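Descriptive structure summary
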Amino acid sequence: MSALFSPLSIRDIAIRNRLWVSPMCQYSAVDGVVNDWHHVHLAQFAAGGAGLVIAEATAVSPEGRISPQDAGIWTDAQAEAWRPIVAAIHARGAVAGVQLSHAGRKASTSAPFAGSRGTVAPADGGWSTVAPSALAYADFAEPVALDAAGIEKVVADFADAARRAVDAGFQVLELHAAHGYLLHQFLSPLTNHRDDEYGGSFENRVRLLVRVTQAVRDAAPAAAVFVRFSATDAAEGGWSVDDTVAASRLVAAAGADLIDLSSGGLVPQQHIVPGPGYQVAYADIVRRETGLLVSAVGMIDEPALAENVVADGRADAVMSAREWLRDPHYALRAAAQLGADSPAPAQYLRAY
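In short, a report on the structure. (Residues numbered from 1 in each chain as written. Predicted model: local features only at pLDDT ≥ 70, side-chain atom pairs only at ≥ 80, totals over all residues. Heavy atoms only, no water.)

Focus on the overall build of the protein
- Looking only at helices and strands, one finds eleven helices and twelve strands in the protein.
- In summary, the protein has a C-alpha radius of gyration of 19 Å against a globular reference of 20 Å for 352 residues, a match within 12%.
- Taken along the three principal axes of its C-alpha coordinates, the protein extends 60 × 40 × 40 Å.
- Counting the 352 residues in the protein, one finds 61% classified as buried.
- Summarising the internal contacts of the protein: among those between residues at least 6 apart in sequence, 70% fall at separations of at least 24.
- In the protein, 26 positive and 38 negative side-chain charges are present, and the distance between their average locations comes to 3 Å. (Helix = DSSP H or I, 4+ residues; strand = E, 2+ residues; numbered from the N terminus. Rg over C-alpha atoms; globule rule 2.2 N^0.38 Å. Buried < 20%, exposed > 50% of the residue type's maximum accessible area, 1.4 Å probe, protein only. Contact = heavy atoms within 4.5 Å. Lys, Arg positive; Asp, Glu negative; His and termini not counted. Charge placed at Lys NZ, Arg CZ, Asp CG, Glu CD.)

Things to note about the pattern of salt bridges
- Inspection of the entire model under this criterion finds 20 salt bridges.
- Note that R228 is salt-bridged to D260, the shortest N-O span being 2.6 Å. Of this pair, R228 sits in strand β9 (residues 224–230) while D260 sits in strand β10 (residues 258–262); the two residues are 32 residues apart in sequence, bridging distant segments of the chain. Summarising the burial analysis for this pair, R228 and D260 share the class buried.
- The salt bridge involving R333 is made with E323; its shortest N-O contact spans 2.6 Å. Placement of R333 in helix α11 (residues 330–338) and of E323 in helix α10 (residues 322–326) is noted, with a sequence separation of ten residues between them. (Salt bridge = Lys/Arg side-chain N within 4 Å of Asp/Glu carboxyl O.)

Quick look at the layout of surface pockets
- Its boundaries defined by the atoms lining it, the largest pocket holds a volume of some 1300 Å³.
- For the largest pocket, the lining is made up of 44 residues, of which C25, Y27, H179, Y181 and R322 are closest to its centre.
- Those elements that provide at least two residues to the lining of the largest pocket are β4 (52–59), β12 (317–320) and α10.
- By residue number, the principal contributor to the lining of the largest pocket is α10, which donates four residues.
- Its residues assigned to classes, the lining of the largest pocket comprises 19 nonpolar, 17 polar and eight charged. (1 Å grid on protein atoms, 1.4 Å probe; cavity = no way out; pocket = protein on both sides within 12 Å on 5 of 7 lines; lining within 4 Å. Points joined across faces, edges and corners; volume = space filled by probe spheres on them. Nonpolar A, V, L, I, M, F, W, Y, C, P; charged D, E, K, R; others polar.)

Focus on the pairing of β4
- Where burial is concerned, most of β4 is hidden: eight out of the eight residues are buried.
- With seven bridges connecting them, β4 and strand β5 (residues 95–101) associate as parallel partners. By the bridge assignment for β5, A55 is matched with V98.
- Handedness of the crossover is the feature at issue here: the chain leaves β4, passes through helix α2 (residues 76–91), returns alongside β5, and the resulting connection is right-handed. (Pairing = 2+ DSSP bridges. Right-handed = clockwise from strand over helix to strand, strands pointing away.)

Here we look at the pairing of strand β8 (residues 172–177)
- Most of β8 is tucked away, with six of its six residues classed as buried.
- Where burial is concerned, the two faces of β8 agree: the one with V172, E174 and H176 and the one with L173, L175 and A177 are both buried.
- As paired elements, β5 and β8 share four bridges and run parallel to each other. Each residue of the ladder has a partner; that of L100, found in β8, is L175.
- With six bridges joining them, β8 and β9 adopt parallel strand pairing. Looking at β9, one finds that L173 is bridged to V225.

A word on the packing of aromatic side chains
- Throughout the structure, instances matching the rule amount to nine aromatic pairs.
- With centroids separated by 5.8 Å and ring planes inclined at 20°, the aromatic side chains of F202 and W239 adopt a geometry described as stacked. Here F202, found in helix α5 (residues 202–205), pairs with W239, found in the loop between β9 and α7 (241–253); they are 37 residues apart in sequence, far enough to count as distant.
- Each ring, one from W324 and one from Y330, has its centre 5.5 Å from the other, and the planes form 75°; the classification is edge-to-face.
- For W324, a relative accessible area of 0% gives the class buried.
- Three or more aromatic residues link up through ring pairs in this structure, and these residues are F45, W324 and Y330.
- The lysine or arginine in question, K106, covers the ring of Y181, its NZ or CZ lying 5.1 Å from the ring centre. (Phe/Tyr/Trp six-rings, centres within 6.5 Å; stacked < 30°, edge-to-face > 60°. Lys NZ or Arg CZ within 6 Å of the ring centre and 35° of its normal.)

What to know about the packing of helix α3 (residues 148–167) against helix α6 (residues 207–219)
- Between α3 and α6, the shortest axis-to-axis distance is 8 Å and the interhelical angle comes to 30°. Along this stretch, α3 crosses α6, giving a crossing that reads as right-handed. Here I151, E152, V154, V155, F158, A159, A162 and R163 of α3 lie close against α6, whose contacting residues are L208, R211, V212, A215, V216 and A219.
- The residue makeup of the contact of α3 with α6, split by class, is eleven nonpolar, no polar and three charged. (Axes fitted to C-alpha atoms, helices over the stretch in contact; angles between N-to-C directions. Left-handed = near helix turned anticlockwise from the far one by under 90°.)

A few points about α2
- Along its 16 residues, α2 runs 23 Å from first to last C-alpha, staying within 8% of the 22 Å computed at 1.5 Å per residue.
- Taken as a whole, α2 carries its principal kink of about 25° at R83; the proline P84 stands between one and four residues after it.
- Of the positions making up α2, those classed as buried are Q78, A79, A81, W82, I85, V86, A88 and I89.
- Those residues of α2 that are buried lie in contact with α1 (36–47), β4, β5 and α3.
- Once α2 ends, the next one or two residues include G93, with phi positive near 95°. (Expected span 1.5 Å × (residues − 1). Bend = angle between axes of the 7 residues up to and from the residue.)

Put into structure tokens, the structure is as follows:
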């Protein structure tokens, strides 16, 4: 029996295996509306045997987009565009999820293949950015510190996005509190210099994420709610693994079902040495310390490594990203190598 290809149920959602597709920004939406590119991109992973396909960081508000080309779900029209994509994922045997996101001070930037880098000016389709404190990332534009009304809007935007996502058919909602985006910016003392109830102490800095988690849970009671953390800022004086353990307990109490562990992305001076499975230890620590469901991510590109991570109890599931781009049938290949029953569609069985 393969541990990687054993099913996992979260709430009433049955996921056929534990090899999942991590969110990957495509920078290909128009006014936040996804299109045929996203349809083909995501449906192919479901046909390729993934248990769960999580769509890219999807902005909960216009100012929450990483780039002007980001996907969004702040309007009903955007949600409707997601509906056939979600249906295509489900029709191919996988569960569909979406990562709800607000980029904060890292918003309004050029897409990676736009031919330029850095902040996009309002005259060129960009906008003013917001953050917990008026501290810029690298040479990006300085953000505006959110006031009390702005914070309330962020909470409401996540809740509204959750309702739209569930209405579009998504069964899994992941809250993006990693990689230096807005919720992560509130968590870390490196980017949160506030002196109100959302800054200073750990309890204050985690307050917004806990409120957002509770609001999403209330808005989508039947959905599986994941929270993605950067387990460490990998920078002196920043967010730590111990902080992540403590915050994981708090978001679980607020309604989160699974913790997704990544790292870094908050500040340019981080020190991270990537390699196969380099972030698995964070998932292992959080799982052992809290007893919560966790997923591991980070260059888990070989079936044997993915199998060992789950079989050894270091994580309950494995997410991969670039390997799915290289091989959209990663799970079919993995099942063949591990001697597991193939999740191949009937149309592909002759190859397995």
